[in-house]
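Commentary on secondary and tertiary structure
The primary structure of each chain is shown beneath.
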Amino acid sequence: MAETASAAGAADGRRGFFVRLFWALAGAIGALVGVPVVGAFLSPALRPREKAQWVAVGPVASFGPEPRLGHHVHPSQEGWVNVTAEMQVWVVERPGGRFVIFDNHCTHLGCPYHWDAAARRFICPCHNGQFDINGTVVGGPPPRPLDYYETKTEGGVLYMGAFHRGGT
Amino acid sequence: MGSRVQGWLRERLGGPLFGGFLNRTVPEETGLPHTLGSATLFLLVVQVVTGIVLAMDYSAAPEHAYDSVLFITNQVVLGGVLRGLHHWGASALVVVVGLHMLRVFLWGSYKPPREVTWMTGVLLVLLVMAFAFTGYLLPWTQRSYWATVVGTRIVGTVPVIGGWLLQLVRGEAEVGPVTLARFYAIHVLLLPALLVPLVILHLYLVYRHGIAPAPGAEATVRKTKRFYPDQLADDLAVSLLALLVLFGLTAIRGIPTEVRADPSSTTYVPRPEWYFLFFFQLLKYFQGPVWEPIGVVVLPLAVVLLLFFLPLLDQRPERRPRRRPYAIAAAGVAVVALAGLTYLGAVQQPPGTRTPPSGSSQALVERGHEVFVANKCLSCHVVKGEGTDFGPELTHVGSRYTADRLATLIRNPMSANPQASMPAFDKLSDADLQALVAYLLTLK
């Protein structure tokens, strides 16, 4: 009786060992394949953000207190492609010669918005998001004020720099 | 001979080939409403088959994607038909899988013991939507580009990890070459790899539990009929009908011609494909920092979870629709809401759309670009570095000519220059000419 129990125990021990061994091997194989696969898949999210650079938007004189579209060539590295797309931003001159540059994507879901001079508002056509000339939300679904860029003027040229989320 | 081969194979493979699946019986009342599931499967097969051949001529890079799709449509033998089937098949799939789901809900067929069949079905519906979303970007048109910008931004509004998720989905900060390659890989590799085992599991569960009898008839002695060939003939008839509809739509409606994606555009008004319009419209009603994430993230997630866990939440064995007033009412509300939101999303014009130059509307300019593409103007002219420089470059043509002058030049090129080699486009309708001129005037 005792002999049988000990035999069963030995069998359990041996079986238990193989069960553990099986799962250890399966785990090792899974990790060896999984880590590189998941790592490559997640890599876009793990990569550090591009550092902002100063980009010329245009001569200071071409902007005024009324919002105007500023064009700039934004050189960026997108994966394996050097993109030099012409991008657009909204430029507003504030009293005292300071400038505000708004990113031209609505803070709701990123649609490009436009300035409605009659209504004195930026209006997004997608879901009726509305902002006043300071970028403050005055209607619709946007959760935060317009995103903006750092600005500086040098030699009569307006430059845009680091991106900031609206309201920060 | 045939039976000897069959016998040989049966010995090697074991059991009757597909016999269990084909030679089963189904409740006698199984009929037309039950063909929706097989029609869904059929449309999936059509998508896979047409997709494989489309992939042979498609290039997943922003520089080439749009042109490769044009190549498929215009140069590949029957390529237009192939693309038409894939294009309309996607829409048909969304409709049919929706009806299939509704049928199963109304019959209460998700109830024990078919809970897992329903749950795998919900996953398959989500996969179909993921196919639709990722496939939509591939032609790299203005519409598909901007729909993807907005669609991926939805992921970005998830609290805390939103920015991280957005980067993960897009592969880069902006929708660009990395996004396109990523979406293509997901569309043709990842999603099918998930689809196939799920479909097999779904079908196995349908086979294992059998077709649910008519609601209320569970306990009675059941009359049955054969699945093959009785029910399968109905299934095939409906599948054939679906296929004919796809051919019909391809022949009559064609494939919408669209403008090449332009990431720097500020005039384009993004709009999703019709099957995402309800969501697009819904987002208009969730405003402000509190409600916005609820509408964008919480509500869709809640609906999906509710659908998935429905059989576990509603375990009452009662299947007769009349005895399930709340469930039927909920389905009714959902259907009306979906249809209503889709309708509103389709008809509501965006307010204060910025008017493109020369007072022409966005729609007119887009129509003009279609005319431009349809008449192969790029075969002789260059616009922004694209086309052949046989004739004058048109990149800044809008700043050089007036509308009237452009119209005259198109209708009768020799009026300006007797040596002009451009053919007279005098067959253009007045409306098309006006649209074409409106488009050309935007080139400044």
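Residues numbered from 1 in each chain as written. Chains lettered and ligands numbered in written order. Predicted model: local features only at pLDDT ≥ 70, side-chain atom pairs only at ≥ 80, totals over all residues. Heavy atoms only, no water.

Moving on, we come to the overall build of chain A. Summing up its helical and strand segments, chain A has one helix and ten strands in all. Walking chain A from its N terminus toward its C terminus, one meets helices and strands in the order α-β-β-β-β-β-β-β-β-β-β. By principal-axis analysis of the C-alpha atoms, chain A measures approximately 100 × 35 × 25 Å. Across the 168 residues of chain A, 35% fall into the buried class. Taking all contacts inside chain A whose residues are at least 6 apart in sequence as the whole, residues at least 24 apart take part in 40%. Carbon and sulfur atoms provide 63% of the accessible area of chain A, an area that totals close to 9,400 Å². (Helix = DSSP H or I, 4+ residues; strand = E, 2+ residues; numbered from the N terminus. Buried < 20%, exposed > 50% of the residue type's maximum accessible area, 1.4 Å probe, protein only. Contact = heavy atoms within 4.5 Å. Areas by Shrake-Rupley, 256 points an atom, 1.4 Å probe, with all protein chains shown as cover.)

Along its length, chain B carries 16 helices and four strands. Taking the principal axes of its C-alpha atoms as reference, chain B extends roughly 85 × 65 × 40 Å. In chain B, buried positions account for 43% of the 444 residues. Considering only intrachain contacts with a sequence separation of at least 6, the fraction spanning at least 24 residues in chain B is 74%. Carbon together with sulfur atoms contributes 68% to the accessible area of chain B, which is approximately 23,000 Å² in total. Where the 36 positive side-chain charges of chain B centre and where its 28 negative ones centre are 8 Å apart. (Lys, Arg positive; Asp, Glu negative; His and termini not counted. Charge placed at Lys NZ, Arg CZ, Asp CG, Glu CD.)

Contact residues are listed per partner, giving 39 residues for chain B and 36 residues for chain A. On inspection of chain B and its partner chain A, the count reaches zero salt bridges. By residue number, the principal contributor to the side of chain B that touches chain A is helix α7 (residues 142-156) of chain B, which donates five residues. In terms of residue class, the side of chain B that touches chain A is made up of 20 nonpolar, twelve polar and seven charged. (Salt bridge = Lys/Arg side-chain N within 4 Å of Asp/Glu carboxyl O. Nonpolar A, V, L, I, M, F, W, Y, C, P; charged D, E, K, R; others polar.)

This part is about the state of the cysteines. All names here are of chain A. According to the stated counting rule, one finds one disulfide over all chains in the structure shown. Sulfur-sulfur distance for the disulfide between C111 and C126 comes to 2.1 Å. What sets the handedness of the C111 and C126 disulfide is the S-S torsion sign, and at about -90 degrees it is left-handed. Placement of the pair is C111 in the loop between β4 (98-103) and β5 (114-116) and C126 in the loop between β6 (121-123) and β7 (130-131), with a sequence separation of 15 residues. Residue classification places C111 among the buried positions, given a relative accessible area of 1%. C106 provides the cysteine sulfur closest to C124, a residue in no disulfide bond, and the two sulfurs are 3.9 Å apart. (Disulfide = S-S within 2.5 Å.)

Turning next to the packing of aromatic side chains. With the rule as written, the count across this model stands at 24 aromatic pairs over all chains. Between Y110 of chain B and W118 of chain B, the aromatic rings sit 5.3 Å apart at their centres with planes inclined by 55 degrees, giving tilted as the arrangement. Grouping residues by exposure puts Y110 of chain B and W118 of chain B together as buried. Ring geometry for Y275 of chain B and F276 of chain B: centres 5.3 Å apart, planes at 80 degrees, overall edge-to-face. Chaining the aromatic ring pairs together yields one cluster made of W90, F102, Y113, W115, F122 and F131 of chain A. (Phe/Tyr/Trp six-rings, centres within 6.5 Å; stacked < 30°, edge-to-face > 60°.)

Residue and element names in this part refer to chain A. Spatial strand order, β5-β6-β7-β8: four strands in an open sheet with antiparallel pairing. Whereas interior strands pair on both sides, the edge strands pair on one side only; in this sheet they are β5 and β8 (137-139). Note: β6 against β7, two bridges, orientation antiparallel. Each bridged residue has a counterpart across the sheet, and for I123 the counterpart in β7 is Q130. (Pairing = 2+ DSSP bridges.)

All names here are of chain B. End to end, helix α5 (residues 79-107) covers 41 Å across 29 residues, agreeing with the expected 42 Å (1.5 Å per residue, within 8%). The principal kink in α5, of about 25 degrees, is found at G89. Looking one or two residues beyond α5, the residue adopting positive phi is G108, at roughly 65 degrees. (Expected span 1.5 Å × (residues − 1). Bend = angle between axes of the 7 residues up to and from the residue.)

Before going further, it helps to examine the domain arrangement of chain A. We note that the domain assignment places domain 1 (1-47) and domain 2 (55-164) within chain A. Summarising the inter-unit geometry, the C-alpha centres of domain 1 of chain A and domain 2 of chain A are found 55 Å apart. (Domains from an automatic or database assignment.)

Residues and elements named next belong to chain B. Once the domains are mapped, chain B shows domain 1 (30-347) and domain 2 (357-441). The straight-line distance from the C-alpha centre of domain 1 to that of domain 2 is 39 Å. For the pair domain 1 and domain 2, the summed buried area comes to about 670 Å², and 50% of that belongs to carbon and sulfur atoms. When the buried area of domain 1 at its contact with domain 2 is split by residue, T257, V259 and R260 rank highest and sum to 56% of it. (Buried area = accessible area lost by both parts, 1.4 Å probe.)

Looking now at the environment of L21 of chain A. Note that L21 of chain A resides in helix α1 (residues 2-46). A relative accessible area of 34% places L21 of chain A in the partly exposed class.

Turning our attention to the side chain of R271 of chain B. Residue and element names in this part refer to chain B. As for its position among the elements, R271 is in the loop between α10 (227-252) and α11 (274-282). Judged by relative accessible area, which is 18%, R271 ranks as buried. Within polar-contact distance, the side chain of R271 engages the backbone oxygen of G345 at 2.4 Å. A distance of 3.5 Å separates a polar side-chain atom of R271 from the backbone oxygen of Q348. Setting aside residues up to four positions removed in sequence, R271 forms contacts with R143, A147, F280, G345, A346 and Q348. (Polar contact = N/O pair within 3.5 Å; in protein donor to acceptor, adjacent residues only side chain to side chain.)

All names here are of chain B. The end-to-end C-alpha distance of α7 is 21 Å, a good match for the 21 Å that 15 residues give at a rise of 1.5 Å each. The element α7 is extensively covered by neighbouring structure, given that twelve of its 15 residues are classed as buried. Among the residues making up α7, those that are buried are Q142, S144, Y145, W146, A147, T148, V149, V150, G151, T152, R153 and I154.

In this section: the nonpolar core. Membership of the largest hydrophobic core comes to 27 residues, with the highest contact counts inside it found for L43, L44, L124, L127, L195, L246 and Y275 of chain B. With seven residues, α5 of chain B is the single largest residue contributor to this core. When near neighbours in sequence (up to four residues on either side) are disregarded, L124 of chain B contacts L195, L198, V199 and H202 of chain B. V92, V100, L109 and Y113 of chain A belong to the second-largest nonpolar core, a separate cluster that totals 26 residues. (Core = buried A, V, L, I, M, F, W, Y, C linked by side-chain atoms within 4.5 Å.)

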